[in-house]
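# Breakdown of the fold
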Amino acid sequence: MCTIDENGQKMRMEASHLLNFTRPTRSIDAGASIASIFLVVTALLANPAQAGMPEATSALRSGNVAEAATQFHALAEAGQPEAQFELAKILADAIGAPKDLPQSEQWMRRAAEQGYRPAQAALGQMYAGAYGMTPNPKLSYVWLSLVAANGDAAARNGRDQAIRRLSRDDVRAAQDQAVGLIKLPILDRDHTNADADD
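Residues numbered from 1 in each chain as written. Predicted model: local features only at pLDDT ≥ 70, side-chain atom pairs only at ≥ 80, totals over all residues. Heavy atoms only, no water.

### A word on the overall build of the chain
From N to C terminus, the chain includes ten helices and two strands. Secondary structure of the chain in N-to-C order comes out as β-β-α-α-α-α-α-α-α-α-α-α. The buried share among the 198 residues of the chain stands at 34%. Residue pairs at least 24 apart in sequence account for 44% of intrachain contacts in the chain once pairs closer than 6 positions are excluded. When the accessible area of the chain is evaluated, it comes to approximately 11500 Å², of which 55% is carbon and sulfur surface. (Helix = DSSP H or I, 4+ residues; strand = E, 2+ residues; numbered from the N terminus. Buried < 20%, exposed > 50% of the residue type's maximum accessible area, 1.4 Å probe, protein only. Contact = heavy atoms within 4.5 Å. Areas by Shrake-Rupley, 256 points an atom, 1.4 Å probe, with all protein chains shown as cover.)

### Section: the nonpolar core
Among the nonpolar cores identified, the biggest contains 40 residues, and Phe72, Phe85, Leu87, Met108, Ala119, Leu123 and Trp143 are the most heavily contacted of them. Going through the elements one at a time, helix H3 (53-61), helix H4 (65-77), helix H5 (81-93), helix H6 (101-113), helix H7 (117-127), helix H8 (137-148) and helix H10 (168-181) are the ones with two or more residues in this core. Counting residues per element, this core draws most heavily on H5, at seven residues. The contact partners of leucine 87, leaving out residues within four places of it in the chain, are Ala69, Phe72, His73, Ala76 and Trp107. (Core = buried A, V, L, I, M, F, W, Y, C linked by side-chain atoms within 4.5 Å.)

### Overview of helix H9 (residues 153-163)
One turn of an α-helix holds 3.6 residues; hence residues three or four places apart share an orientation. All of the buried residues in H9 are Ala155, Gly158 and Ala162. Down the axis of H9, the buried side of the element spans an arc of 65 degrees, and every buried residue falls inside it. At its buried positions, H9 is contacted by H8. Between a side-chain oxygen at the N-terminus of H9 and the backbone nitrogen of alanine 154 the separation is 3.0 Å; the capping residue is aspartate 152. (Arc of directions from axis to C-beta. Polar contact = N/O pair within 3.5 Å; in protein donor to acceptor, adjacent residues only side chain to side chain.)

### Re the confidence of the model for the chain
Close inspection of predicted coordinates is inappropriate in any region flagged by low pLDDT. Averaged over all residues, the pLDDT of the chain equals 77, while 66% of them reach at least 70. The low-confidence segment residues 1-30, where pLDDT is below 50, has 30 contacts with residues more than four positions distant or belonging to other chains. Predicted confidence is poor over residues 190-198, with pLDDT under 50, and the contacts of this stretch with residues over four places away or in other chains come to 15 contacts. (pLDDT = per-residue confidence, 0-100.)

Written as structure tokens, this is what we have:
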């Protein structure tokens with residue numbers, strides 16, 4: 001009888017080893033094989049909603065905004081932050097869908113609260129008045145501070161503009177609110193969790 005090890009090499013196992021439930025004559029690093037399988041399965045189970053992102057993104061790029069919005073909405077409902085971000089942009093831009101700033105803000109906030117940096121930056125810009133939103137300098141400061149803390153120069157400039165419109169008390173309150181959000185996991189476009197201790 002033959003079996004294959006983790007490197008794809010054929011190994012011979014004697015029948016007596018199978019009957020006696022002893023180790024084969026050539027040892028297999030079962031721990032490494034099991035660990036590899038575990039990592040693959042964990043990656044697939046950790047983000048099942050990610051499976052539809054390529055199709056939704058492709059639909060958007062091809063100009064089929066209605067189809068993209070439908071797919072992004074399903075993924076957003078499943079909790080996928082990039083889909084929430086993309087759906088929020090579609091709703092804010094009114095490209096192929098009616099403009100809906102309250103829904104856009106809701107989806108953008110949901111993605112931002114999951115630590116998705118592009119959504120945090122966009123939400124800070126929304127609160128600065130982008131997309132025709134009523135400006136809220138305090139919330140703009142909060143979200144742009146999170147992104148600026150990671151070295152984003154544009155967010156730093158936006159944060160600095162927001163602070164000029166706030167009283168000292170508002171600045172302190174906004175800083176406290178931003179500090180409360182720092183424990184969010186940070187997700188970049190590649191969906192890697194840079195703060196996995198929470």
